[in-house]
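# A structural walkthrough
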Amino acid sequence: VNSATSDITVNALPTVTFAALADVCLDAADFALAGGSPAGGAYSGTGVSGTDFSPATAGIGTHTITYTYTDGNGCINSATSDITVNALPIVTFAALADVCVDAADFALAGGSPAGGTYSGTGVSGTDFSPATAGTGTHTITYTYTDGNGCVNSATSDITVNALPVVTFAALANQDQ
């Protein structure tokens, strides 16, 4: 009987971490992922292309992103972080009635949900001034920001009509 020995080294998996990802809105621009450690790993998951994350591609909901790292020994480990893509708020703005250029300033209404802001030619705060806007058709925008910081808007056109041109010919002086 005879024997031989050989040593084998069992390497530990690399310690991999992935920092929490902030929630984003569906219309946010694509952005580079960060927070995976140690540097040099790869990101994967729904909406991930290379090192970039696309909220629009991922879609609404919570998505798990994985950061995978391979060390010098060929040992692989990974960490995950969830990212939530929030929907844009549903915003509506009711049609605005036509007005005459000499109409009094009035408070805008019809934007929903409540708490948004109005903007456009002739708008100051929540008021619309036909005289300031002038004649023509003007687009008024209602913008709303929800509790997640997601923004959406809706528009409505308002037509400011000119006053009619009125003439009155002089009457001839008649003797009786």
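Structure first, text after, so check above.
Residues numbered from 1 in each chain as written. Predicted model: local features only at pLDDT ≥ 70, side-chain atom pairs only at ≥ 80, totals over all residues. Heavy atoms only, no water.

Further remarks concern the packing of aromatic side chains. By the definition in use, this model includes eight aromatic pairs. Linked through ring pairs, Phe18, Tyr43 and Tyr67 together constitute an aromatic cluster. (Phe/Tyr/Trp six-rings, centres within 6.5 Å; stacked < 30°, edge-to-face > 60°.)

A few words on the state of the cysteines. According to the stated counting rule, one finds one disulfide in the structure shown. Across the disulfide, Cys25 is cross-linked to Cys150 (sulfur-sulfur distance 2.1 Å). What sets the handedness of the Cys25 and Cys150 disulfide is the S-S torsion sign, and at about -100 degrees it is left-handed. Placement of the pair is Cys25 in strand S2 (residues 24-25) and Cys150 in the loop between strand S17 (136-145) and strand S18 (151-161), with a sequence separation of 125 residues. (Disulfide = S-S within 2.5 Å. Helix = DSSP H or I, 4+ residues; strand = E, 2+ residues; numbered from the N terminus.)

Here the focus is the environment of Val160. Checked against the element boundaries, Val160 lands in strand S18. Each C-alpha atom, one on Val160 and one on Ala4, is 99 Å from the other, the two residues being 156 residues apart in sequence. Setting aside residues up to four positions removed in sequence, Val160 forms contacts with Val99, Cys100, Val101, Phe128, Pro130, Ala133, Gly134, Thr135, Gly136 and His138. (Contact = heavy atoms within 4.5 Å.)

Between Ser37 and Pro38 the backbone carries a cis peptide bond, its omega angle lying at 0 degrees. Relative to the assigned elements, Pro38 resides in the loop between strand S4 (36-37) and strand S5 (42-44). Note the cis peptide between Ser112 and Pro113, where omega equals 0 degrees. In this structure, Pro113 sits in the loop between strand S13 (111-112) and strand S14 (117-119).

A few words now on the pairing of strand S8 (residues 61-70). Bridging between S5 and S8 involves three bridges; their strand directions are antiparallel. Residue pairing in the sheet places Tyr43 in a bridge with Tyr67 of S8. The sheet contact formed by S8 and strand S9 (residues 76-86) spans ten bridges and is antiparallel. If you follow Thr66 over to S9, its bridge partner there is Thr80. (Pairing = 2+ DSSP bridges.)

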